[in-house]
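Each chain, letter by letter, is given below.
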Amino acid sequence: MKNVDDLIESAAELAARGLSKGEIADELNVSRETASWLVERSGTTPQATDQPPKRTDETPGASGPQDIHVDWSAIGRDSKRMSAIASAMADMLAKHGEDVDLTIGIEKAGGPIATLVARELETDLGTYTPAKHQWEEGDIEDLGGMFSRNFAGIRDRECYIVDDTITSGTTMRETIEAIRAEGGKPLACVVIADKQGLEELEGVPVYSLLQVISVGKDD
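Conventions we followed
- Residues numbered from 1 in each chain as written.
- Predicted model: local features only at pLDDT ≥ 70, side-chain atom pairs only at ≥ 80, totals over all residues.
- Heavy atoms only, no water.
- Core = buried A, V, L, I, M, F, W, Y, C linked by side-chain atoms within 4.5 Å.
- Buried < 20%, exposed > 50% of the residue type's maximum accessible area, 1.4 Å probe, protein only.
- Helix = DSSP H or I, 4+ residues; strand = E, 2+ residues; numbered from the N terminus.
- Contact = heavy atoms within 4.5 Å.
- Axes fitted to C-alpha atoms, helices over the stretch in contact; angles between N-to-C directions.
- Parallel < 35°, antiparallel > 145°, perpendicular 65-115°, else oblique.
- Left-handed = near helix turned anticlockwise from the far one by under 90°.
- Nonpolar A, V, L, I, M, F, W, Y, C, P; charged D, E, K, R; others polar.
- Salt bridge = Lys/Arg side-chain N within 4 Å of Asp/Glu carboxyl O.
- Polar contact = N/O pair within 3.5 Å; in protein donor to acceptor, adjacent residues only side chain to side chain.

Caption draft 1: A look at the nonpolar core. Counting 24 residues, the largest nonpolar core has Trp 72, Met 89, Leu 93, Ile 113, Val 117 and Val 162 as its most contacted members. For this core, the secondary-structure elements that each account for two or more residues are α5 (79-93), α6 (110-121), β4 (158-166) and β5 (185-194). No other element matches α5, which puts 6 residues into this core. Other than its neighbours up to four places away in sequence, Val 117 contacts Ala 86, Met 89, Ala 90, Leu 93, Thr 103 and Val 162. In terms of nonpolar packing, the next biggest core, distinct from the first, is built from 20 residues, Ile 161, Ile 176, Val 191 and Leu 198 among them.

Below you can see the structure in the form of C-alpha cells.
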C-alpha cells in the first residue's frame, strides 16, 4: 500500500527525469497542487536532471493538499485486465448511438485505454495532449493543448472522450472545449475513476467505473 512517503519518492524520481509538474500530476493521478506539494517535499525540481533527488527534512503532515491517490497499475500492467476494463467502459458509452466513429484518448494514460475502447466500439482513434503537460507554475490558461496529427482528426465528427481518472475536471473540460473548437461534438466521457463524482461536464455526460469520494470531518 502506497503512503505519502512513497508518493514523495515517486515525485522526486519523476522530477529528476525532467518531467514537468503537470506530467508528474498525470503520472501519479493527483491534482497539480498535490504534485507541486510532493515535489517541494522531495527537495527536487523538474529541471534538476543532473543531480540525484534530495529529500528535505520536512515530513508530510496535515498542511498538505486534500487529495486522493488512485493506483490502477494492477490493471495497467496486464493487457487482459486492460481489455476487460476497456470493454466495460465501451459498454457505458455505447448507449449514445451507433453513429459515433471517433474515440479521443487524453494523453498519456488515456491513450492506451482509448485504443482498446475504440477497438471495442469500432471507431477511429484520436489523442489529445492537455496543457497540464507543459505546466510548472502560474496560470495554466496561458498554455494550450494539442491533438496529435498521427491519429484521426476531429473533422466535425461526434466523438467519445476517454481518460484514466478525473481529479478536478479541468483536463476533461479542456478536452471538451478543444474538440468543440475543432467543430467536433463530444457525446460522452468515460474514465476508470472519478474523484469528483461528476454526472456531466459542460453539458456532456460523464461515466466512470469507480467514483472515489473523500468523506471526513474537521477536527
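We are not done yet, so read on.
Caption draft 2: Quick peek at the packing of helix α1 (residues 4-16) against helix α2 (residues 21-28). Running from N to C, α1 and α2 point in directions that differ by 135°, and their axes come no closer than 10 Å. Our classification of the angle between α1 and α2 gives oblique. α2 is crossed by α1, and the crossing has right-handed handedness. Between α1 and α2, the contacting residues are Leu 7, Ser 10, Ala 11, Leu 14 and Ala 15 on the first element and Ile 24, Glu 27 and Leu 28 on the second. The class makeup of the residues in the contact of α1 with α2 is 6 nonpolar, 1 polar and 1 charged.

Caption draft 3: Highlighting the pattern of salt bridges. Under the defined criterion, the tally for this structure stands at 4 salt bridges. Notably, a salt bridge pairs Lys 195 with Asp 67, separated by 3.1 Å at the nearest N-O pair. You can see Lys 195 sitting in the loop between β5 and β6 (200-201) and its partner Asp 67 sitting in the loop between α3 (32-42) and α4 (73-76), a full 128 residues away along the chain. Judged by relative accessible area, Lys 195 falls into the buried class, the value being 9%. Salt-bridge contacts for Arg 157 lead to Asp 101; the nearest nitrogen and oxygen are separated by 3.3 Å. In this pair, Arg 157 sits in the loop between β3 (146-147) and β4 while Asp 101 sits in the loop between α5 and β1 (102-106), placing the two residues 56 residues apart along the sequence. Each of Asp 101, Asp 124 and Arg 157 takes part in salt bridges that share partners, so that together they form one network.

Caption draft 4: Representation of the environment of Glu 174 in the model. Relative to the helices and strands, Glu 174 is located in helix α7 (residues 170-181). Those residues in contact with Glu 174 that sit more than four places away from it in its chain are Tyr 128, Pro 130, Ala 131 and Gly 145. A distance of 2.7 Å separates the side chain of Glu 174 from the side chain of Tyr 128, its partner in a polar contact.

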